[in-house]
Amino acid sequence: MTNSQVKIEVSGLTIAYGDFVLLKNLKFNINKGDVFIIMGGSGCGKSSLLRVLTGLTPVTIGKIMIDGINFTSASQDVRNEIMQKNGILYQGGALFSSMTLAENIALPLKQYTNYSEKLISELVSLKLSLVGLTGFEDFYPSEISGGMKKRAGLARALALDPQIVYFDEPSAGLDPISSKMLDDLIMEINQSLGTTIVVVTHELNSIFNIGTNSIFLDGNTKSITGYGNPKDLLKNPPNEEVYKFLTRGGERKNA
Ligand SMILES: Nc1ncnc2c1ncn2[C@@H]1O[C@H](COP(=O)(O)OP(=O)(O)O)[C@@H](O)[C@H]1O
Ligand SMILES: [Mg+2]
């Protein structure tokens, strides 16, 4: 039954905080190697969905299969094993300000591997070079720009060679050039390492430049009302909301 191309299979997923139902009966697949975009208006539940997919919040109703394993009903040990294959880049980059970039990136390696100091230091330099930050090992987060912080956060997310990397609004707070650089980097990692990427964003440039598949979460119906390659959704909008979202209210006729 399991399609080998499918990385994550979500079905019947409902997300609620107590009696407050945010999203109902979601069903979608994320394929291996996708750059999968989660889009939708502010407050519709994008970050909440990301937390459920990454295992930070347990599922109450519905099922998430990851690599054919039922993530929702798995034991804590199996869940932890799957979660260790995730890289996550939070909104602020979330680096520890009292640690150098090298120390920040070494953290997951020290926590989850038995690698020697020397190997860890080599891996740290490798990950920094991957995101264009060679030579910044001993810098503190406060000494580098916003775009560089995001890239350092990405280097840390890549520390354990994840199969999936999740981003929550990666371009928030970045100028257009840094934002474009981050998008290019996301594409490069996707293509050179084959990493599956899941991105929450409402940046239209990003959505059309990097997205290979997407879902649109509609806050009114609390459901997925658009599902497909963003360019196809723009060409053949399934409804007015998706069209408005992808055209900034009708302004943007051609992407
Ligand atoms: N831990 C929580 N407990 C209760 N309500 C929450 C919690 N986290 C988020 N919410 C509510 O859920 C809604 C969606 O939040 P969120 O997932 O952050 O949306 P988005 O990322 O799409 O802006 C908001 O109304 C928010 O206040
Ligand atoms: Mg959010």
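Up top is the structure.
Residues numbered from 1 in each chain as written. Chains lettered and ligands numbered in written order. Predicted model: local features only at pLDDT ≥ 70, side-chain atom pairs only at ≥ 80, totals over all residues.

1. Examining the overall build of the protein
Condition: The secondary structure listing takes helices from DSSP runs of H or I that are at least 4 residues long and strands from runs of E that are at least 2 residues long, numbered from the N terminus. The globule rule used for comparison is 2.2 Å times the number of residues to the exponent 0.38, while the radius of gyration itself is calculated over C-alpha atoms. With C-beta atoms placed from the backbone, a residue counts as buried when 20 or more other C-beta atoms lie within 10 Å of its own, as exposed when 12 or fewer do, and as partly exposed for counts between those limits. In this description, a residue-residue contact is defined by the distance between C-beta atoms placed from the backbone, which must lie within 7 Å.
Within the protein one finds nine helices and ten strands. For a compact globule of 255 residues, the expected C-alpha radius of gyration is about 18 Å, and the protein comes in at 18 Å, within 12% of that figure. The principal-axis extents of the C-alpha atoms in the protein amount to approximately 55 × 45 × 35 Å. Counting the 255 residues in the protein, one finds 36% classified as buried. Once local pairs closer than 6 in sequence are excluded, the contacts in the protein between residues at least 24 apart make up 65%.

2. Description of the environment of F36
Within the secondary structure layout, F36 lies in strand 3 (residues 35-40). Once the C-alpha coordinates of F36 and I186 are considered, the two residues, 150 residues apart in sequence, prove to be 12 Å apart. Residues within four places of F36 in sequence aside, it is in contact with I30, I197, V198, N213 and S214.

3. Looking at the nonpolar core
The criterion, for reference: By definition, a nonpolar core groups buried Ala, Val, Leu, Ile, Met, Phe, Trp, Tyr and Cys residues that are joined through C-beta atoms within 7 Å.
If you look at the biggest cluster of nonpolar residues, it comprises 61 residues, and the most contacted ones within it are I38 and V198. For V198, the contacting residues outside a window of four places in its chain are I30, F36, I38, L53, I164 and Y166.

4. Observations regarding the sheet that holds strand 5 (residues 69-70)
Two modes of strand pairing occur in sheets, parallel and antiparallel, and in both the strands are linked by backbone hydrogen bonds. The condition is simple: Note: two strands are recorded as paired if DSSP finds a minimum of 2 bridges between them. Angles here are taken between N-to-C directions and fall from 0 to 180 degrees, while the axes themselves are lines fitted to C-alpha atoms, restricted in helices to the stretch in contact.
Judged by pairing direction, the sheet is antiparallel, and its four strands sit side by side in the order 2-1-4-5 without closing on themselves. Two strands lie at the open edges of the sheet, namely strand 2 (20-31) and strand 5, each paired on one side alone. Note that strand 1 (residues 6-17) and strand 4 (residues 61-66) share five bridges and pair antiparallel. Residue pairing for strand 4: S11 is matched across the bridge by K63. Relative to strand 1, helix 1 (residues 46-53) is tilted by about 125 degrees, and along the sheet it contacts strand 1, strand 2 and strand 4.

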